[in-house]
Amino acid sequence: MGRQKKHKPHPLEGLVDLESGDLKAGDEIVYKRLGDGAISIGVIKYFEKGKGKGCVTVIDLLLSHFQTVVIADIVKEPTSKLVNSLREKAVNRARRK
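An account of the accompanying structure is given in this report.

**Quick word on the side chain of Q67**
Piece 1. Looking at the secondary structure, you find Q67 in strand β6 (residues 65-70).
Piece 2. A polar contact of 3.3 Å, which involves the side chain of Q67, links it to the side chain of H65.
Piece 3. When sequence neighbours within four positions are dropped, the list of residues in contact with Q67 reads Y31, R33, V56, T57, V58 and D60.

Next up, the structure:
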């Protein structure tokens, strides 16, 4: 019989939150970037710990790097047309590299 894998805790366990309300780490979101105000798409990595911060760290699929997002700038119900166009842009940028 093979060995069982041990569950490793998240490296930032205790320093950051991995869930906030109905959002959790690994969810894909559409949001407005802080730097240039453009609409983008990304995957949530973690939430800033503490009350009143209201920030999320995501990996931007269009820019391919981390972004900090204010929770108020997350688009709650994006249209399927918007999501599809952002995903297509992400795929096209990945192909060019």
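So that's the structure; there's more coming.
**A short note on the sheet that holds strand β5 (residues 55-60)**
Piece 1. Read across the open sheet, the four strands follow the order β3-β4-β5-β6; overall the sheet is antiparallel. In this open sheet, the two edge strands, each paired with only one partner strand, are β3 (28-32) and β6. With direction set aside, neighbouring strand axes in the sheet form an average angle of 50°.
Piece 2. Both β3 and strand β4 (residues 39-47) contribute to a ladder of five bridges, which runs antiparallel. Bridge pairing in β4 places Y31 opposite S40.

The rules we used
Residues numbered from 1 in each chain as written. Predicted model: local features only at pLDDT ≥ 70, side-chain atom pairs only at ≥ 80, totals over all residues. Heavy atoms only, no water. Helix = DSSP H or I, 4+ residues; strand = E, 2+ residues; numbered from the N terminus. Polar contact = N/O pair within 3.5 Å; in protein donor to acceptor, adjacent residues only side chain to side chain. Contact = heavy atoms within 4.5 Å. Pairing = 2+ DSSP bridges. Axes fitted to C-alpha atoms, helices over the stretch in contact; angles between N-to-C directions.

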